[in-house]
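# Notes for the structure review
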Amino acid sequence: MPAPLPLFAACQPGFEPLLAGELRALGAEPEPRAGGVAFAGDPRLVMRCGQWLGTASHLLVRIAEFRCRALGELQRKALDLPWREWLRPHVPIEVHGTTRGSRVYHTGAIEERVVEAIGAAMGRKPILAGKDDEALARIHVRFRDDVCTVSLDATGTPLHRRGYKLDARKAPLREDLAHALLLASGWRPGTALLDPFCGSGTLVIEAAGLALGLPPGRLRAPALQSYAPFDPDVWETVRRERRPAAAAPLIGSDRDAGAIEAARANAERAGVGAAVAFEHAAVSAQRWLAGDGAPGEGAVVTNPPFGLRVAKGGDLRPLYQTLGAKVAALGAGWRAALLAHDVRLARKTGLALQAAWTTRHGGIAVTALVASP
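A few points on the structure. Predicted, not measured: the structure shown is a model, and the values here were computed from it.

What follows concerns empty space enclosed by the protein. A complete count under the given rule lists two cavities of 30 Å³ or more for this structure. Size it by volume and the largest cavity reaches roughly 70 Å³. Around the largest cavity sit Leu87, Arg88, Pro89, Val91, Ile93, Ile118, Met122, Arg124, Pro126 and Ile127, which together line it. Partitioning the lining of the largest cavity into residue classes produces eight nonpolar, no polar and two charged. Looking at the second largest cavity, its volume works out to about 50 Å³. Residue lining of the second largest cavity: Gly50, Thr155, Gly156, Thr157, Leu159, Arg220, Ala221, Pro222 and Ala223, and that is the complete set.

Written out as structure tokens, the structure is:
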């Protein structure tokens, strides 16, 4: 096993600079690439990344890269890889092949040859994962222009699935998108936050985790758990890590009473129920936006309805105009960040919005628009 390990944190397109910043805070030396960030580290750092990265979706350990133009060559070279250093004999495996621009083009055959090579190297036929297996070793075999990269997925569950959302309501917001919007917004833990279209509460819950110094991966199984290098003692020290807490009012509101009920339940599962408040109110009636007791500084960070996924043909311009007027009335100490599908519609708020990143959510291009004080 090489030291340090070559690693790659995958993320949504557009999140690479934010993810690089998160990795830098963990002590890594990040190298942003398309679709993620390359870095190097030991198993402890992999576990810490699984706990603390908020904008990543997967953690990959690169165990080999080589030129390959035939299936037989793939099987021979795969046989020489250090499978015994990584795989546990009784943990099911799943091999996933992809190929583009290569002479080896049949993904099923790629997967079959790698499974055979693993069996020969381990001295026994590997157990193949079933659809209900949660603890398993995922192996990615990627061909690009006749170059094969073999990686292990250190995360059994994608990192954006935090584990607290059982009821997502309509138009659910992915946790990594919420985290990225908070980071881009300029909101600081210790200052107030409001999401007046909170839905199932994802933005407010992610903000509470940041404010309380809690790791985003606290409800998930640890990274590397299914692999031989996993050390329970090291994991115990990683699991106990916390960051400084900075209390402040964090509020979500929504006109849908069912969404508020779901948000409260999600917050309790996330362990932040006491740090947040959810209110059943339309945007114009939310108490801070109605002029009742808003703090002197904070941020409105929200994913307002944008027509394609929620609204049923109504004109949303008045809603955005109302939102913009209410945010502006909060005063100079407040900033705002919106997730927008239609940038022209978002600009109806009248706020001085600047694009921070663009990515895709549910097959739709979305942009983070930020207005600073």
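There's more to say after this.
Attention now goes to the sheet that holds strand 12 (residues 334-340). Taken together, the seven strands give an open sheet; going across it, the order is 10-9-8-11-12-14-13, and neighbouring strands pair in mixed fashion. Each edge of the open sheet carries a strand with a single partner, namely strand 10 (277-280) and strand 13 (354-361). If you compare each strand with its neighbour and ignore which way they point, the axes differ by 15° on average. Judged from the seven bridges that link them, strand 13 and strand 14 (residues 364-371) form a sheet pairing that is antiparallel.

Thresholds, definitions, all that
- Residues numbered from 1 in each chain as written.
- Predicted model: local features only at pLDDT ≥ 70, side-chain atom pairs only at ≥ 80, totals over all residues.
- Heavy atoms only, no water.
- 1 Å grid on protein atoms, 1.4 Å probe; cavity = no way out; pocket = protein on both sides within 12 Å on 5 of 7 lines; lining within 4 Å.
- Points joined across faces, edges and corners; volume = space filled by probe spheres on them.
- Nonpolar A, V, L, I, M, F, W, Y, C, P; charged D, E, K, R; others polar.
- Pairing = 2+ DSSP bridges.
- Helix = DSSP H or I, 4+ residues; strand = E, 2+ residues; numbered from the N terminus.
- Axes fitted to C-alpha atoms, helices over the stretch in contact; angles between N-to-C directions.

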